[in-house]
Amino acid sequence: MDKETLSNYGWVVVCILVLCVMIALATPFGKYISLAVQSTTQGLYATNQKAMNTNELVQMEDNQLLNPDTIAKANIKRETGTLIPTGAKYAKADGTTLEGNGTNKFPDAPATNDTYKEGDYIYTYNSDDIYGNEGTEWSVKVKSTEKTSYGDILSRISDKPVTHMSRTFRNCTNLINAPVVPSSVTYMYQTFQNCTSLKNVINISENIKAMYYTFENCSSLAQSPTIPNNAGKILGLYKNCSSLKVAPKIPDNITKMNYVFYGC
């Protein structure tokens, strides 16, 4: 059943049900008939939705970041002066280490090469990224590449944003579902490179400015997330994503897209 047939079928069903409801409400048993019609409507809708999914007509929601739970995960902060969580560790560049022991707090301002470890990640402040750009604020990488799933990524530490996800999950070959990318992130260089088991990625924030080889060699990725409108350069974005079936819409603001679909 194609999309047009499904659409026509749906309109016919709606018209018939509206007529039934009008007749039903005019009878002594209107309440009971109305409830029956409502139940039937819900059942038909579910069947129609299932049929559309089977035909790959219903795609992943385009605005998943509008989901309140997703928004919360994309904006987890560790503010200046708040307690460092138990088990976490803030290491200053001068050699001072602040353990999460119930008394130590986040410093007023981070310094170059400060590191912070919490959960699955190591955050580094103001170090050069892989393309030699300075002033990256906080960048983030996983502690281990062996896991199948990873926890939420922080968006802010000591009042400074986590902006760079350069090689964050590189070579995480067991990763299937990508965590939410914080809305603070602006650069995604080789973020999921060589994640050969990766299948699902929640849509990326519109704050992204560049994506270089972000999903290179993600051979299990069959559906891509929406490309942010502000991502001016997307070099090699889906290079060698051999399972990719549908090309995403290319935003008008893209200025450079060499090798984006090479090997697809």
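About the cut-offs
- Residues numbered from 1 in each chain as written.
- Predicted model: local features only at pLDDT ≥ 70, side-chain atom pairs only at ≥ 80, totals over all residues.
- Heavy atoms only, no water.
- Helix = DSSP H or I, 4+ residues; strand = E, 2+ residues; numbered from the N terminus.
- Buried < 20%, exposed > 50% of the residue type's maximum accessible area, 1.4 Å probe, protein only.
- Areas by Shrake-Rupley, 256 points an atom, 1.4 Å probe, with all protein chains shown as cover.
- Core = buried A, V, L, I, M, F, W, Y, C linked by side-chain atoms within 4.5 Å.
- Contact = heavy atoms within 4.5 Å.
- Polar contact = N/O pair within 3.5 Å; in protein donor to acceptor, adjacent residues only side chain to side chain.
- Pairing = 2+ DSSP bridges.
- Phe/Tyr/Trp six-rings, centres within 6.5 Å; stacked < 30°, edge-to-face > 60°.

Draft legend 1. Local environment of the overall build of the chain. Scanning the chain for helices and strands turns up three helices and 10 strands. Taken from N to C terminus, the helices and strands of the chain fall in the order α-α-α-β-β-β-β-β-β-β-β-β-β. Residues counted as buried form 38% of the 264 residues belonging to the chain. When the accessible area of the chain is evaluated, it comes to approximately 14300 Å², of which 52% is carbon and sulfur surface.

Draft legend 2. Representation of the nonpolar core in the model. Formed by 44 residues in total, the largest nonpolar core has its most connected members in Tyr116, Tyr123, Phe169, Phe192 and Phe215. Mapped onto this core, the elements with two or more residues apiece are strand S5 (121-125) and strand S6 (138-142). When neighbours within four sequence positions are excluded, Tyr123 is seen to be in contact with Asp114, Thr115, Tyr116, Glu118, Trp138, Ser139, Val140, Asp152, Ile153, Leu154, Ile157 and Val162. Within the second largest apolar cluster, five residues are counted, among which are Tyr189, Ala210, Tyr213 and Leu235.

Draft legend 3. Highlighting the side chain of Ser205. Relative to the helices and strands, Ser205 is located in the loop between strand S9 (187-189) and strand S10 (210-212). One polar contact links the side chain of Ser205 to the main-chain amide nitrogen of Asn207, over a distance of 3.1 Å.

Draft legend 4. Inspection of the pairing of S5 at higher detail. Alternating positions in S5 separate cleanly, Tyr121, Tyr123 and Tyr125 being buried on one face and Ile122 and Thr124 remaining unburied on the opposite face. Across four bridges, strand S4 (residues 115-118) lies against S5 in antiparallel orientation. Its bridge partner being in S5, Tyr116 is matched across the sheet by Tyr123. Two successive antiparallel strands, S4 and S5, enclose a turn made up of two residues, where Gly119 displays a positive phi of approximately 60 degrees. As paired strands, S5 and S6 are joined by five bridges and run antiparallel to one another. Counted as the bridge partner of Tyr125 is Trp138 from S6.

Draft legend 5. The arrangement of the packing of aromatic side chains in detail. Taken as a whole and assessed by the stated rule, the structure comprises 16 aromatic pairs. Here Tyr121 and Phe169 contribute two aromatic rings whose centre-to-centre distance is 6.1 Å and whose plane-to-plane angle is 85 degrees, an arrangement assigned as edge-to-face. A residue pair is termed long-range when its members are at least 10 positions apart, and Tyr121 in strand S5 and Phe169 in the loop between strand S8 (160-164) and S9 qualify at 48 residues. In this pair, the class of Tyr121 matches that of Phe169, namely buried.

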